[in-house]
Amino acid sequence: MSTLTVDRVYSNLLTHLQHPRPSISVETVVNTVPHYLARLPLPNPTQLTAYVISSPLWRPVSLSNSRSLMTAYRTAFHLKRNIIQEEAGGWLGRSPQALLAEWASAVMKGVSRGDPQLRVIILGGILQGLNDFIQDDVKVWTRDRLERQVIIACAEVMEELPAATDIWENEFNSNTRPDNNTSDCTFLSILPISMSQSCAVKETIFLYSAYTILPLVDDSKFLALDIDNTFSSGNFLSGLSQSAVRGSGGLITIPQESPLVNSLKTLDQNILYKDAGSLAKLLARCLSAMPDRSPTAVRSAFQDVALRMEAVTSKVGRDWNASALSDITSGDGIEIDSRQISTDIWRALKTLLFTHLLISLSILSSLVYLRPLKAGSEQPSSSTIAESILRSLYNQSFILSQFGGIVSSADTFKELKRVFYTALDIIAADSDSQACESLVNELVSHVQADIDIVTDSELTPTHPSRQAQTAFVLAVIEQLMNLLSDHTIKDTVVRFCTPYLSDPSHRETFESAHSVMLSIFAAHSSHNGTSTGTDQPNLAARLVPFYVDCLIENADDGRLNVSQLRLAYSSLVRSASTHQDDTLVWLCVSALLAHIHASSSARMPLHLTLVSMISSVPRSLLPRVLEEVQKILDKAEDHQKAELKKAIVDEIMHKVGDLEKQTVLQWWIGLGAEPIDGSCAENIT
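The following paragraphs examine the structure supplied in this document. None of these values were measured; they are calculated from a predicted model.

Things to note about the environment of I126
Argument step 1. Take I126: it is sitting in helix α6 (residues 116-131).
Argument step 2. Each C-alpha atom of the pair I126 and R143 lies 9.8 Å from the other, and the pair is 17 residues apart in sequence.
Argument step 3. What I126 contacts, discounting residues up to four positions off in sequence, is Y73, F77, V107 and L146.

Some thoughts on helix α5 (residues 96-110)
Argument step 1. If you check α5, its first and last C-alpha atoms are 21 Å apart, about what 15 residues at 1.5 Å a residue would give, namely 21 Å.
Argument step 2. Regarding α5, the residues found buried are L100, A101, W103, A104, S105, A106, V107, M108 and G110.

What to know about the nonpolar core
Argument step 1. In terms of nonpolar packing, the biggest core is built from 140 residues, with I345, L349, I477, Y547, Y569 and I614 touching the most fellow members.
Argument step 2. Sort the elements by how many residues they give to this core and helix α17 (residues 339-367) lands first, with 13 residues.
Argument step 3. Residues in contact with I345, not counting those within four places in the same chain, are L237, L240, I254, L260, L264, W320 and L325.
Argument step 4. Grouped together as the second largest cluster of nonpolar side chains are 42 residues, L40, L57, A76 and L123 included.

Observations regarding unusual backbone geometry
Argument step 1. With an omega of 5 degrees, the peptide bond between L42 and P43 qualifies as cis.
Argument step 2. One can find P43 in the loop between α2 (26-39) and α3 (44-53).
Argument step 3. Of note in the backbone geometry, S232 takes a positive phi value of approximately 55 degrees without being a glycine.
Argument step 4. Locating S232 in the fold gives a position in the loop between α11 (219-222) and α12 (240-243).
Argument step 5. Located in the positive-phi region is S233, a residue other than glycine, with phi close to 55 degrees.
Argument step 6. With respect to the element layout, S233 can be found in the loop between α11 and α12.

Remarks on the pattern of salt bridges
Two side chains bearing opposite charge may form a pair once their charged atoms approach each other closely.
Argument step 1. Within the structure shown, the criterion is met by 13 salt bridges.
Argument step 2. In this structure, the salt-bridge partner of E651 is R566, at a minimum N-O distance of 3.4 Å. Highlighted residues: E651 in helix α30 (residues 638-654) and R566 in helix α26 (residues 562-576), separated in sequence by 85 residues.
Argument step 3. You can call R566 buried: its relative accessible area is 16%.
Argument step 4. Across the pair D650 and K655 runs a salt bridge whose closest N-O atoms are separated by 3.9 Å.
Argument step 5. A relative accessible area of 30% means that D650 is categorised as partly exposed.
Argument step 6. What emerges from the salt-bridge pattern is a single network uniting R566, D650, E651 and K655.

Description of the packing of aromatic side chains
Argument step 1. Scanning all chains against the criterion turns up 15 aromatic pairs.
Argument step 2. By the ring-pair criterion, three or more aromatic residues cluster together here, those being Y394, F420, Y421 and F472.
Argument step 3. Above the ring of W586, the side-chain terminus of R624 is found at 3.8 Å from the ring centroid.

Section: a negative patch on the surface
Argument step 1. Taken together, the side chains of D549, E553, D556 and D557 define an acidic patch exposed on the protein surface.
Argument step 2. Summarising the element assignment, D549 is placed in helix α25 (residues 536-553).

Basis of the calculations
Residues numbered from 1 in each chain as written. Predicted model: local features only at pLDDT ≥ 70, side-chain atom pairs only at ≥ 80, totals over all residues. Heavy atoms only, no water. Helix = DSSP H or I, 4+ residues; strand = E, 2+ residues; numbered from the N terminus. Contact = heavy atoms within 4.5 Å. Expected span 1.5 Å × (residues − 1). Buried < 20%, exposed > 50% of the residue type's maximum accessible area, 1.4 Å probe, protein only. Core = buried A, V, L, I, M, F, W, Y, C linked by side-chain atoms within 4.5 Å. Salt bridge = Lys/Arg side-chain N within 4 Å of Asp/Glu carboxyl O. Phe/Tyr/Trp six-rings, centres within 6.5 Å; stacked < 30°, edge-to-face > 60°. Lys NZ or Arg CZ within 6 Å of the ring centre and 35° of its normal. Patch = residues over 30% accessible without salt bridge, like charges linked within 9 Å, V, L, I, M, F, W, Y side chains within 5 Å. Areas by Shrake-Rupley, 256 points an atom, 1.4 Å probe, with all protein chains shown as cover. Lys, Arg positive; Asp, Glu negative; His and termini not counted. Charge placed at Lys NZ, Arg CZ, Asp CG, Glu CD.

Structural data, given as structure tokens:
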């Protein structure tokens with residue numbers, strides 16, 4: 001192509017860029033820009049970029065044209081890099097890094113006086129191209145200049161946003177603002193897109209950028225990054241109860257023309273929802289940077305975000321529990337034609353959960369470093385904010401159950417457990433016993449209500465949502481046990497746990513209920529028989545016979561497994577041994593022995609549980625327990641005897657205390673049994 005032809009085509013491109021309605025399509029214009037950006041000599045990229053950023057084609061700024069423009073500059077970077085590498089040669093020539101840095105500088109000159117939104121988009125495209133390749137493609141100072149320009153442009157845009165606290169100004173401007181496709185919300189979606197996609201892949205620059213932007217922006221304007229609009233203020237399931245109906249065969253069906261499907265389509269078209277992850281990361285990083293500001297502004301911002309998320313999750317939980325779909329535990333209960341809609345619902349619910357966890361973790365991590373409030377302060381306390389986050393998790397308990405719940409032993413959802421336990425740690429450290437008891441009583445009364453006070457729907461004890469709520473509340477109680485009074489434990493906690501102690505149909509609530517009971521005894525044991533309450537020893541003593549019978553009842557197959565039974569029983573005995581006499585301890589042992597003698601089959605779990613008593617009973621009762629263990633060994637068959645001896649050796653090696661070890665070793669040697677192997681003997685002696 002001749003120079004004249006190139007000049008004419010290039011001139012036509014500049015003309016089209018300056019015309020609000022060019023004779024060719026905008027897509028053609030955009031696709032032509034990367035070619036000339038990469039191939040024209042300097043300083044033409046500066047001129048072309050200046051024409052691009054001032055072009056009326058991008059007015060008003062929308063998500064579609066911003067994406068295409070960002071892609072154009074990303075493509076231009078790729079083309080320029082390939083051209084430089086192809087033409088590079090000779091040891092006297094300039095390095096490819098220097099040439100590419102010179103080209104990037106020329107582009108930055110072209111955007112220097114342009115609209116800040118378009119500057120973020122254009123420079124974000126170049127940063128995307130940078131991160132597509134190795135770090136050595138450009139000079140460090142070039143990357144630094146690009147980052148700084150993005151930061152400045154972001155700050156300028158956010159500075160133009162209306163203050164979230166300026167209610168009158170917002171109301172006045174509400175009638176004069178453009179529609180949603182061209183509003184500030186559009187840029188709020190573009191901002192995390194450009195920053196996260198261009199930077200987070202390798203260098204997480206958008207995190208650094210958010211931290212750097214924050215001091216340049218007013219606190220109230222920072223709150224314009226409103227996460228609740230991402231999920232339509234929690235209304236995306238508002239049509240679920242009317243849309244999900246049971247057919248003649250008992251299967252759930254959701255018509256394609258139902259209100260729910262329309263709500264999901266609207267949500268999917270929401271520009272904020274499409275990039276919820278990027279927006280949540282940006283907001284989370286901004287929140288984590290806020291402790292550098294005044295404590296009043298920090299706490300107010302944290303509470304505002306937490307309350308917004310609580311409102312969103314409450315609405316979602318209400319709509320879910322009021323629907324027939326909430327009673328389905330597998331996809332088999334849904335019509336085949338409606339299963340894709342169910343999948344879309346769960347994708348939105350899980351996106352909501354992940355977004356909430358990401359933001360909550362940032363808030364909680366920052367709350368840990370805030371100074372405690374002075375008495376009488378009107379600022380929201382750390383525990384108040386943490387309680388709001390905990391309530392949001394409670395509202396999403398039906399989603400948590402899909403990941404195994406809070407107490408799942410699987411180590412696959414660390415963020416969930418970090419948010420849950422950090423919130424409880426803050427509540428326990430920042431609250432008094434009365435506040436913790438109020439929280440526990442609130443959650444328990446909610447779960448026990450015949451009609452759900454939040455969802456206004458009937459949830460039976462076997463309803464999946466009710467079971468998920470119960471497991472969540474039990475996990476909360478277990479962690480706050482040390483701060484609960486005897487009155488609350490006796491009248492609220494024990495009564496709440498009792499129905500689930502012998503009901504293994506829902507495994508999570510079953511195991512959680514036993515964990516709560518053991519935490520009662522552990523709390524008593526940690527006080528060595530004393531407590532802040534008036535009758536803590538008596539309370540624990542009264543509970544021991546009840547829980548002994550409960551454990552023995554759950555020794556059958558399908559209930560507590562052998563490991564759980566041994567751990568629970570030994571923990572109970574160890575707690576009972578903190579009393580002044582051995583009456584309660586021997587009550588536990590004698591009840592176990594009575595059940596062993598009365599049982600005609602499946603006694604091996606009980607035998608192993610008795611072996612666990614070797615390391616749990618006080619020294620004064622140890623000889624009597626060893627005598628009973630010896631009787632069982634004498635009567636056991638060969639394969640049972642081998643398993644029992646293995647369990648005894650494990651108790652001696654790892655669990656028996658130093659004072660009791662000599663007594664146990666003498667008993668073991670006196671049995672005339674096979675000696676412990678050399679490595680074990682070294683560990684024992």
